[in-house]
Amino acid sequence: MTARRAAQKRPSPGMLFFLATAFFTLILWLVRPGAVRRAVPFFLTILGEIWPVLVFMFVLMFVLNLFISPQAVKRWLGQASRQRGWFIAVIGGIVSSGPIYLWYPLLAELRKQGMRTALAAAFLYNRAVKPALLPLLIYYFGLGLTIILTVYTAIFSIVQGLIVERLIEGHAGE
Amino acid sequence: MPRTIHIALKKTGKALIQALPILAGVLTLVSLAVANIPKTWYARLFTNTPLDPVIGAAAGSVAAGNPLTSYIIGGELLRRGVSLLAVIAFLMAWVTVGFVQLPAEAMFLGRRFAVTRNVTAFVLAIVVAMLSVLTMRLVGITPRITP
């Protein structure tokens, strides 16, 4: 009981990470205050841009916890999901918006409920394709390269998913 | 309140409490990186040698921020004579490899997953760049260089 209480009082790894980041920023501010001052407007701008995605993501997590059973997650995104699972991961990665790190909590929750490791990796790889930014990619590099990159990204997301899954689960099974 | 809603709220609330400090930490690191790595810094890294695709992927891996920024830098690198192979590796690594976000990814999805995913994404950034350049040559497409 005492050990359990002590474990509860101990800060979580996430909190330790935040404290380490805050400490690093404080030291940087003491050594090079300009570097921290320059970062403040960026911090506020990014925060202003991501909060709607953050809220959306937690609403999605609530809906997932409320309506979708682990059995359904396994059926749609588990080992038996086959092409359907790949399709959801590839399209989901392409249409999801906001920075990549906002999607980690949702993916962690889905993996806990039975999502394939390969599909989580494929989802993250497909975040390289952003439909809203395609016109700009075409502007900077031309239509040909944009099409080639988009197609290769979708194909290699599956390749990467399979490699990551083989490396992680192959290793775990040893 | 029905029990199922209460349970779902509790689970989501717990996930939120666990996620917020990590996301705040990543946001701080990303802001520091974006604000303090000047766009012109990347051009200095390239050497016009066969190592450039690896340098491109490495530079893209440590960079953080909106992909749009990578397009602007990539366009600038092409104008300065950096090879298309290196620029594509840079663009791919920018969006698929996250050195700054690695601690957060490891905390949420596991250290082994995060490291394996980022290492393979780094290698694949170079592979995709090579295949893209090869395909462009085969199809006869020349890259557009913005004025």
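Since this is a predicted model, take the numbers as computed values, not measurements.

**Considering the overall build of chain B**
Okay, so step 1: When its secondary structure is counted, chain B shows six helices and zero strands.
Okay, so step 2: Of the regular secondary structure in chain B, the N- to C-terminal order runs α-α-α-α-α-α.
Okay, so step 3: Projecting the C-alpha coordinates of chain B onto the three principal axes gives extents of approximately 65 × 35 × 30 Å.
Okay, so step 4: A total of 147 residues make up chain B; the buried ones form 48% of that total.
Okay, so step 5: In chain B, 79% of the contacts between residues at least 6 apart in sequence involve partners at least 24 apart.

**Here we look at helix H8 (residues 134-141) of chain A**
Along an α-helix, residues three or four positions apart point the same way, because every turn accommodates 3.6 residues.
Residue and element names in this part refer to chain A.
Okay, so step 1: Of the positions making up H8, those classed as buried are Leu137, Tyr140 and Phe141. Buried positions in H8, seen along its axis, are confined to an arc of 75° and lie on one side of it.
Okay, so step 2: Positive backbone phi, at 90°, marks Gly142, one or two positions downstream of H8.

**Some details on the interface of chain B and chain A**
Okay, so step 1: Each partner contributes residues to the interface: chain B has 58 residues there, and chain A has 54 residues.
Okay, so step 2: Contributions of two or more residues to the side of chain B that touches chain A are made by helix H1 (3-36), helix H3 (67-79), helix H4 (84-96), helix H5 (102-109) and helix H6 (111-139) of chain B.
Okay, so step 3: Looking at the side of chain B that touches chain A, the element that brings in the most residues is H1(B), giving 25 residues.
Okay, so step 4: Its residues assigned to classes, the side of chain B that touches chain A shows 36 nonpolar, 17 polar and five charged.

**Observations regarding the packing of helix H2 (residues 52-62) of chain B against H4(B)**
Residue and element names in this part refer to chain B.
Okay, so step 1: Where H2 contacts H4, the axes come no closer than 7 Å and their chain directions differ by 25°. Put simply, H2 runs roughly parallel to H4. The element H2 and its partner H4 pack so that their crossing is right-handed. Where H2 approaches H4, its residues Asp52, Pro53, Ile55, Gly56, Ala57, Ala59, Gly60 and Ser61 are matched on the opposing element by Leu85, Ala86, Val87, Ala89, Phe90, Leu91, Met92, Ala93 and Trp94.
Okay, so step 2: In terms of residue class, the contact of H2 with H4 is built from 13 nonpolar, three polar and one charged.

**A few points about unusual backbone geometry**
All names here are of chain A.
Okay, so step 1: Notably, Arg82 is not glycine yet its phi reads approximately 50°, a positive angle.
Okay, so step 2: Considering the arrangement of structural elements, one finds Arg82 in helix H5 (residues 82-95).
Okay, so step 3: For Arg82, a count of 9 C-beta atoms within 10 Å corresponds to the exposed category.

**Observations concerning the confidence of the model for chain A**
Okay, so step 1: Summing up the model confidence of chain A, the mean pLDDT is 88 and the portion of residues at 70 or higher is 93%.
Okay, so step 2: Within chain A, no element has a lower average pLDDT than helix H1 (residues 2-9) of chain A, which sits at 62, and none a higher one than helix H7 (residues 117-125) of chain A, at 96.

**Notes on the nonpolar core**
Okay, so step 1: One finds Phe90(B), Met92(B) and Ala125(B) to be the most contacted residues of the largest nonpolar core, which totals 88 residues.
Okay, so step 2: Looking at this core, the element that brings in the most residues is H4(B), giving 11 residues.
Okay, so step 3: If we skip the residues at most four places from it in the chain, Met92(B) touches Ala128(A), Gly60(B), Ala125(B), Val128(B) and Ala129(B).

**Some words on the confidence of the model for chain B**
Residues and elements named next belong to chain B.
Okay, so step 1: Overall, the predicted model of chain B reaches an average pLDDT of 89, with 97% of residues at or above 70.
Okay, so step 2: The spread of mean pLDDT over the elements of chain B runs between H3, the lowest at 87, and H6, the highest at 96.
Okay, so step 3: At the level of chain-chain contacts, confidence expressed as ipTM amounts to 0.86, with global pTM at 0.85.

**Looking at the packing of helix H3 (residues 33-67) of chain A against helix H6 (residues 104-112) of chain A**
Relative orientation and spacing of two packed helices are given, respectively, by the angle between their axes and the distance between those axes.
All names here are of chain A.
Okay, so step 1: Between H3 and H6, whose axes approach to 9 Å, the crossing angle comes to 15°. Judged by the inter-axis angle, H3 sits roughly parallel to H6. Considering only the axes of H3 and H6, their crossing is left-handed. Contacts between H3 and H6 involve Met57, Leu60, Met61 and Leu64 on the former and, on the latter, Pro105, Leu106 and Glu109.

Thresholds, definitions, all that
Residues numbered from 1 in each chain as written. Chains lettered and ligands numbered in written order. Predicted model: local features only at pLDDT ≥ 70, side-chain atom pairs only at ≥ 80, totals over all residues. Helix = DSSP H or I, 4+ residues; strand = E, 2+ residues; numbered from the N terminus. Buried ≥ 20, exposed ≤ 12 C-beta atoms within 10 Å, placed from the backbone. Contact = placed C-beta atoms within 7 Å. Arc of directions from axis to C-beta. Nonpolar A, V, L, I, M, F, W, Y, C, P; charged D, E, K, R; others polar. Axes fitted to C-alpha atoms, helices over the stretch in contact; angles between N-to-C directions. Parallel < 35°, antiparallel > 145°, perpendicular 65-115°, else oblique. Left-handed = near helix turned anticlockwise from the far one by under 90°. pLDDT = per-residue confidence, 0-100. Core = buried A, V, L, I, M, F, W, Y, C linked by C-beta atoms within 7 Å.

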